[in-house]
Amino acid sequence: MNLPELKIGDLTARFPIVQGGMGIGISLSGLAGAVAKEGGVGIISAAQPGFNEPDFFNNSFGANCRALTKELKKAREIAPEGIIGVNIMSRGYYYDDYVKCAVEGGADLIVSGAGLPMDLPGLVEGTNVKIAPIVSSAKAARVLLNVWARHHKRTADLVVIEGPKAGGHLGYTREQVAEHANDGYEKEITEILAVIRTFEEKFDRKIPVVFGGGVFDRKDIDHYLSLGLSGVQMATRFVATYECDAAPEFKQMYVNAKKEDITLVNSPVHMVGRALLNPFVKHISKDRLPPETCFHCLKTCDPRTTQYCISMALIRAARGDVDHALIFCGANAWRVDKIQSVHDLMMELTADPE
Ligand SMILES: Cc1cc2nc3c(=O)[nH]c(=O)nc-3n(C[C@H](O)[C@H](O)[C@H](O)COP(=O)(O)O)c2cc1C
């Protein structure tokens, strides 16, 4: 059976596959453009995209907005007809300004997680830019969409459910992650879908919902579609592609990873994250690495007490200094065994299994 298209309002992706946003510097125009060109939805991460700009250390927001604008333009050149979105963490400083920058830069879609983006509808008002919150529970979906309905008289264009097998920061405690180690989060997905249905009825429109976290192959995609989802969000598989914007050393870490190398870390933003066990993770689990400078990235981090600077740890990762960096990954990264082109990966994921 052919995979269905993914309709997000008046936008149509040929395949129901959203490439998850990956900061810092992992999903920029190279990856997002390639995925959009192949018929998926490409997402650029707005987490410090300007880390290579000359003024990044003393003018982070200016450097980041300039870089984000350039990345959007480059992605659009790679995929003139494709869907290009931007992932912006709602707990970040300058959230409103990043949304404005992404809208002005020509993003089709804003995806926002790491907290509930209560004010997002107001920030895109008067534009045709689509909005997609990331939620992890039925309660979060209900609270957020109720606020949007009441204060903004609108609903989401797409909802992303991020499950406990995802990479990067997780919306779960260690106990919740352990509880779902052997399932696909199906019970919660069904509950979240029931909440979304009530908003579909209220607004008399379809709200597509995609699931991300551990989705690895076509079998997984078919399974999640069978639950009533409209598609999937995938990130880990896209890291191991030539077009991914990460350094080759970062990608190779995935290829070399064994199951026991995948671990959970405490992030300075008081969330649990999933990453590869390396000398950096061993160090910060015992000793503090005081930040040399503060990039004012996330409101929930206190530079005076933080165990380490997450921005610097992720910038080193993007640059390939993999022993001194935080290598975020999904729970299935150990199953990655090669680096391939986005085209080949999309073919593999979308080919009729018969
Ligand atoms: C290296 C890496 C970096 C990530 N960074 C972010 C991020 O900055 N913001 C975000 O919302 N999600 C982030 N994620 C989560 C992904 O967007 C995605 O939802 C999730 O990883 C999907 O699960 P999968 O990796 O098993 O496919 C990251 C994931 C990875 C692997």
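The shown structure was predicted, so the numbers you read here are calculated from the model rather than taken from an experiment.

A. Summary view of the pairing of strand S4 (residues 41-45). The buried fraction of S4 is high, at 5 of 5 residues. Neither face of S4 is open: one carries Val-41, Ile-43 and Ser-45, the other Gly-42 and Ile-44, and all of them are buried. Pairing of S4 with strand S5 (residues 83-87) involves 5 bridges; the strand directions are parallel. By the bridge assignment, Ser-45 is partnered in S5 with Asn-87. Considered for its hand, the β-α-β crossover made up of S4, helix H2 (residues 60-78) and S5 is right-handed.

B. Expanded view of the domain arrangement of the protein chain. Segmenting the protein chain into domains produces domain 1 (6-246 + 337-350) and domain 2 (249-324). In this complex, domain 1 contributes 33 residues to the contact, which on the side of domain 2 involves 28 residues. Between domain 1 and domain 2 lies a buried interface of about 2900 Å² when both sides are counted; carbon and sulfur atoms form 65% of it. The tally of links between domain 1 and domain 2 comes to 0 salt bridges.

C. Expanded view of the state of the cysteines. Going through the model one piece at a time under the given rule, you end up with 1 disulfide. What pairs with Cys-65 in a disulfide is Cys-101, and their sulfur atoms sit 2.3 Å apart. Residues Cys-65 and Cys-101 share a disulfide whose torsion about the S-S bond is about 110°; that sign makes it right-handed. Taken together, the residues span a long stretch of sequence, with Cys-65 in helix H2 and Cys-101 in helix H3 (residues 95-104) at a distance of 36 residues. Take Cys-65: its relative accessible area is 18%, and that puts it in the buried class.

D. The arrangement of helix H13 (residues 342-350) in detail. Every buried residue belonging to H13 is among Val-342, Leu-345, Met-346, Leu-349 and Thr-350, and all of these are buried. Viewed along the axis of H13, the buried residues span an arc of 115°, placing them on a single side of the element. As for H13, its buried residues are in contact with strand S3 (17-19), helix H1 (29-37), helix H8 (218-226), strand S11 (231-234) and helix H9 (236-239).

E. Region of interest: the site of the ligand. As a structural note, the neighbourhood of the ligand is formed by 20 residues, with Glu-162, Gly-214, Gln-233, Ala-235 and Thr-236 the closest of them. Taking Gly-23, its main chain carries an N or O atom lying 3.2 Å from an oxygen atom of the ligand. Measuring from an oxygen atom of the ligand, one finds a side-chain N or O atom of Glu-162 at 2.5 Å. Protein chains shield 95% of the accessible area of the ligand, which is 600 Å² for the free molecule. Broken down by class, the residue content of the shell around the ligand amounts to 8 nonpolar, 10 polar and 2 charged.

How each quantity is defined
- Residues numbered from 1 in each chain as written.
- Predicted model: local features only at pLDDT ≥ 70, side-chain atom pairs only at ≥ 80, totals over all residues.
- Heavy atoms only, no water.
- Buried < 20%, exposed > 50% of the residue type's maximum accessible area, 1.4 Å probe, protein only.
- Helix = DSSP H or I, 4+ residues; strand = E, 2+ residues; numbered from the N terminus.
- Pairing = 2+ DSSP bridges.
- Right-handed = clockwise from strand over helix to strand, strands pointing away.
- Domains from an automatic or database assignment.
- Contact = heavy atoms within 4.5 Å.
- Buried area = accessible area lost by both parts, 1.4 Å probe.
- Salt bridge = Lys/Arg side-chain N within 4 Å of Asp/Glu carboxyl O.
- Disulfide = S-S within 2.5 Å.
- Arc of directions from axis to C-beta.
- Near = heavy atom within 4 Å.
- Polar contact = N/O pair within 3.5 Å; in protein donor to acceptor, adjacent residues only side chain to side chain.
- Areas by Shrake-Rupley, 256 points an atom, 1.4 Å probe, with all protein chains shown as cover.
- Nonpolar A, V, L, I, M, F, W, Y, C, P; charged D, E, K, R; others polar.

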